[in-house]
Amino acid sequence: MKVLVTVKEVAEVQDDFEIADLGVDPRYLEYDLNEWDEYAVEEAVQLKEAADEDVEVVSATVGPERSEETIRMALAKGVDRAVRIWDDTLEERGLLDVAAKARLLGAVVDEEDPDLVLSGVQANDTGFGATGVYLAESAGFEWGAVVNALDKERVLEEGVAGVHRELEGGVEELTEIEIPAVLTIQTGINDPRYASLRGIRQAQSKEIAEKSLADLGFDATAVESSLHLTDMYEPESESDATFFEGDAGEQAVQLADALREKGVGAE
């Protein structure tokens, strides 16, 4: 059995930062594995550990060479090998829309022919929340979105994904999905593990296969999009916030004084 996990490197912005051109100045950025993808990785590794037969876990990433450090962390947690998609065309394109990402990841799905694809519900940076479902459509797989529980035994023994899905209003849906399928994983489905020192050492020797657009059978038209970033700026604050110092009692007195000054409670 083979499980493919899509992972993404996301930028975390420091509290104080500066904008340069159409992005945050790189000096104020740190990079890490997308939070939702951490849960997808853990779910895939747990599925591998629960199996009596061999289960291979492969990760797929669209990202520059810098992202290999993040990919290594997924490898250190139990992913067996990884695929990284990037080339000069992608570098020049910059922001990719959902369709372009799904197209590229779909080509990896075609090559790897996995039984199950796991993806985070959304990404910390763009927050589109649609790549996993679009990928299922691209690959011709069944899908389940916002999964917060997965019956691993049924996946392994019956080829059916019994899942709980989180719906609006706190409602949960229990449904069965025939595999191959794409599941988008919600935070809280498990407790992602920390990478052990042994796992980190082993990750250094695991394969990260580099793929260009040409390797996947595409040219530059594959990442053309009507989505363009035109501007980035810090929004102006419409009001100022006042912070009260001291213990709870002192803060309460200051708050009461401020409210009286605004006429709140006046007769």
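Residues numbered from 1 in each chain as written. Predicted model: local features only at pLDDT ≥ 70, side-chain atom pairs only at ≥ 80, totals over all residues. Heavy atoms only, no water.

**Student:** Describe the pairing of strand 11 (residues 172-178), with residues and values.
**Tutor:** With 7 bridges connecting them, strand 10 (residues 160-166) and strand 11 associate as antiparallel partners. Bridging across to strand 11, Gly 162 finds its partner in Glu 176. Hairpin connection between strand 10 and strand 11: a loop of 5 residues separates the two successive antiparallel strands, and Gly 169 in this loop has a positive phi of roughly 75 degrees. (Pairing = 2+ DSSP bridges. Helix = DSSP H or I, 4+ residues; strand = E, 2+ residues; numbered from the N terminus.)

**Student:** Can you lay out the sheet that holds strand 8 (residues 116-120) for me, pointing to particular residues and giving the numbers?
**Tutor:** Overall, mixed pairing links the 9 strands, which are arranged 11-10-9-12-8-1-6-7-13 in an open sheet. Each edge of the sheet is formed by a strand with only one pairing partner; in this case those strands are strand 11 and strand 13 (208-211). Adjacent strand axes in the sheet meet at a mean angle of 35 degrees, parallel and antiparallel pairs treated alike. Here strand 7 (residues 81-85) runs beside strand 13; their pairing, made up of 4 bridges, is parallel. Residue pairing for strand 13: Ala 82 is matched across the bridge by Ile 208. Along the sheet, helix 4 (residues 98-112) makes contact with strand 1 (2-6), strand 6 (56-62), strand 7, strand 8 and strand 13, crossing strand 7 at roughly 140 degrees. (Axes fitted to C-alpha atoms, helices over the stretch in contact; angles between N-to-C directions. Contact = heavy atoms within 4.5 Å.)

**Student:** Outline the pattern of salt bridges, listing residues and values.
**Tutor:** Counted under the stated rule, the structure contains 19 salt bridges. Here Asp 80 makes a salt bridge to Lys 48, at a shortest N to O gap of 2.5 Å. With Asp 80 in the loop between helix 2 (68-76) and strand 7 and Lys 48 in helix 1 (residues 35-50), this pair connects stretches of sequence that are 32 residues apart. On the basis of relative accessibility, which here comes to 25%, the residue Asp 80 falls in the partly exposed class. A relative accessible area of 27% places Lys 48 in the partly exposed class. With a shortest N-O distance of 2.7 Å, Arg 81 and Glu 112 are connected by a salt bridge. Here Arg 81, found in strand 7, pairs with Glu 112, found in helix 4; they are 31 residues apart in sequence, far enough to count as distant. Residue classification places Glu 112 among the buried residues on the basis of a relative accessible area of 11%. Three or more residues joined by partner-sharing salt bridges are found here, namely Lys 2, Glu 56, Arg 81 and Glu 112. (Salt bridge = Lys/Arg side-chain N within 4 Å of Asp/Glu carboxyl O. Buried < 20%, exposed > 50% of the residue type's maximum accessible area, 1.4 Å probe, protein only.)

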